[in-house]
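# Chain and residue survey
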Amino acid sequence: MYKLSGFADEIDQSLDNQMRTIKDLGMEWIECRGVDGAPLISYSLEDAEKIRKRLDANGIKLSSVGSSIGKIGINDDFEPHFELFKHTCEIAKLFGTRNIRMFSFFIPEGEDAGKYEDEVMRRLDKLAEYAAKNSLVLLHENEKEIYGDIAPRCLKIMERFYSDNFKGVFDFANFVQCHQDTLEAWDMLKKYIVYIHVKDAKWSDGSVVPAGYGDGHLEEILTDLKNEGYDGFLSLEPHLADFQGFQALENGSSIKAGKKLTGVEAFTLAHDSLLALLDKIEWK
C-alpha cells in the first residue's frame, strides 16, 4: 500500500492553510519544504520545534524534509552549505523522519557535466558519510541543470553511493524536461528508487500537467510499482500554479500549465488526478 504525501507549500505559504487543505483531502503526510514563507531548514531548532508541535496537533507527519541541499552551483563554496546540511539533519531528527530530499549541484550552463564529476562525487561522499553517521537517508532527486539530471548520471551516483543511507527519488516531469525518456530511466534506476515525486510534463515544451496527462509514462511506471509491491511514498509536487517563493526554490524558473490556479486548486487537481490514475490501474 502506497502512502500519499505532498509539498504542502504549493497550497499556500501559511502552514495553517496548508494543514487545512491536507486534512480536507484526507492526507496525513507532507514533504515539508516551506513553512510560513520560509524554508523549513532555515528555522532554528527552537522555532522548528514549534512548527512540529503545530503539525502534531493536526495529526500531520513528515514523509521527508524537502530540503534544497545540493541546490547550489558546483563552483560555489561548499563549506557553508555543509553547515546548513548538518542543521538540516537535526531538523529531520526533530520531526521524526529519516528522509532528506537532496540534489547533486548545478552545473554551469553550457558546460559538460562530466568535467565536474569528481567534485560532485567528493561533495556527495561527504554528505553521505555524515548522513550514515546520523542514521538518516539522503534521497537524491533527478533535477534540471544539476549533475544528476539524466538517468545515466543518476546511475553513476547510485552505483557509487546507494546504501541504507543513500537512495533515489524518481521525478517524472524533471526527466521529461531534460529530454530523458522516463521508461528508459525507470529501467535503469528502479532498483535504487524508494520515493516517488508525482508530477507529469509534456515532451513538446516541458510544461507541467496533472498526472497522466503528459509524457512521463506515469501509468506504466506506477503499474510496475504496484506489481512490485511498492509500499513507499507517492509525493504530490503539483507545479501547476505560481506561489510566492517559487522562483528561489526552482533556480529562477517558473513553469505553469495553462490556466493559473490557486494553490488549493492546483494541489487538489494534482491529488485528484493521481487518485484517478491509481483507480485506473486498480491500485487501492
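Only a predicted model underlies this, so the values are computations on that prediction, with no experimental measurement involved. Along every chain, residues carry numbers that run from 1 in the direction the sequence is written. For this predicted model, a pLDDT threshold of at least 70 governs which residues receive local features, and a threshold of 80 or more governs which side-chain atom pairs are given and counted, while totals over whole chains, interfaces and linings are taken from all residues. Just so you know, side-chain values use all the structure's heavy atoms and leave hydrogens and water out.

## Points about the sheet that holds strand E9 (residues 193-198)
Strand pairing in a sheet relies on backbone hydrogen bonds. The paired strands run either parallel or antiparallel. Strands were regarded as paired on the criterion that DSSP finds at least two bridges between them. Helix and strand definitions here come from DSSP, where helices need a minimum of 4 consecutive H or I residues and strands a minimum of 2 consecutive E residues; each element is numbered from the N-terminal end. Within the open sheet, the eight strands sit side by side as E1-E12-E9-E8-E7-E6-E5-E2. Their pairing is parallel. For this open sheet the edge positions go to strand E1 (3-6) and strand E2 (29-32), each flanked by a neighbour on one side alone. Ignoring which end each strand starts from, the neighbouring axes of this sheet average 25 degrees apart. Bridge count between strand E7 (residues 137-141) and strand E8 (residues 166-171): four bridges; the pairing is parallel. Note on geometry: axes are lines fitted to C-alpha atoms, helical ones only across the stretch in contact, with angles between N-to-C directions running from 0 to 180 degrees.

## Examining the confidence of the model for the protein
Each residue carries a pLDDT score, the predictor's confidence in it, ranging from 0 to 100. Model confidence for the protein is summarised by a mean pLDDT of 93, while 93% of its residues fall at 70 or above. Two residues form a contact once any of their heavy atoms are found within 4.5 Å. Confidence drops under pLDDT 50 across residues 242-258; counting only partners more than four residues distant or on other chains, this segment forms 35 contacts.

## With respect to the nonpolar core
Among the buried residues, those of types Ala, Val, Leu, Ile, Met, Phe, Trp, Tyr and Cys that are joined through side-chain atoms within 4.5 Å form a nonpolar core. The cut-offs for exposure are 20% and 50% of the maximum accessible area for each residue type, with area from a 1.4 Å probe on protein chains only; residues under the lower value are buried, those over the upper are exposed, and the others partly exposed. Grouped together as the largest cluster of nonpolar side chains are 82 residues, with contacts concentrated most on Leu 127, Ile 196, Leu 222 and Leu 234. Those residues in contact with Leu 127, other than ones at most four positions away along the chain, are Ile 69, Phe 78, Phe 82, Phe 85, Met 102, Phe 105 and Leu 138. Listed in part, the six residues of the second largest apolar core include Trp 29, Leu 139, Val 169 and Phe 233.

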